[in-house]
Amino acid sequence: MSDATTTEAFDKVTMFGADWCRDCRRSKALLDTLGVDYEYVDVEQDLSAADRAEAISGRKNIPVVVLPNGKHFVEPSDAELRAELEASGAV
């Protein structure tokens, strides 16, 4: 069983991703459509970001979406991400 929270604190929804990643583009489009105030961290532009994302998720997969409550998701479906954003009050 993995811990669903991270030790790094986030003030707002934060997404680690890359432009070439189809799932990243899909999750980013959902955040934009819902009007979520979020920070996008490009793991290609910020070399330490890939390590941060892996430290959070324990995996090399992206996107990694972290909520201010500490919960994180790796490659979430739109339905899963939307439900958690609504439950946490981010939208």
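It should be emphasised that the depicted structure is a prediction, and the values quoted were computed from it without experimental measurement.

Criteria and thresholds
- Residues numbered from 1 in each chain as written.
- Predicted model: local features only at pLDDT ≥ 70, side-chain atom pairs only at ≥ 80, totals over all residues.
- Heavy atoms only, no water.
- Helix = DSSP H or I, 4+ residues; strand = E, 2+ residues; numbered from the N terminus.
- Polar contact = N/O pair within 3.5 Å; in protein donor to acceptor, adjacent residues only side chain to side chain.
- Contact = heavy atoms within 4.5 Å.
- Phe/Tyr/Trp six-rings, centres within 6.5 Å; stacked < 30°, edge-to-face > 60°.
- Buried < 20%, exposed > 50% of the residue type's maximum accessible area, 1.4 Å probe, protein only.
- Lys NZ or Arg CZ within 6 Å of the ring centre and 35° of its normal.

J.: What's the story with the side chain of E84 in this structure? I'm lost.
T.: Along the polypeptide, E84 turns up in helix α3 (residues 78-87). A polar contact is formed between the side chain of E84 and the side chain of K71, at a distance of 3.5 Å. For E84, the residues in contact, after removing those within four places along its chain, are L67, N69, K71 and F73.

J.: Please explain the packing of aromatic side chains as it appears in this structure.
T.: According to the stated counting rule, one finds one aromatic pair in the structure shown. Taking the centre distance of 6.3 Å and the plane angle of 85° together, the rings of F10 and F16 count as edge-to-face. Each member of the pair, F10 as well as F16, is classed as buried. For the cation-ring pair, K28 lies above Y40, with the distance from its terminal atom to the ring centre recorded as 5.1 Å.

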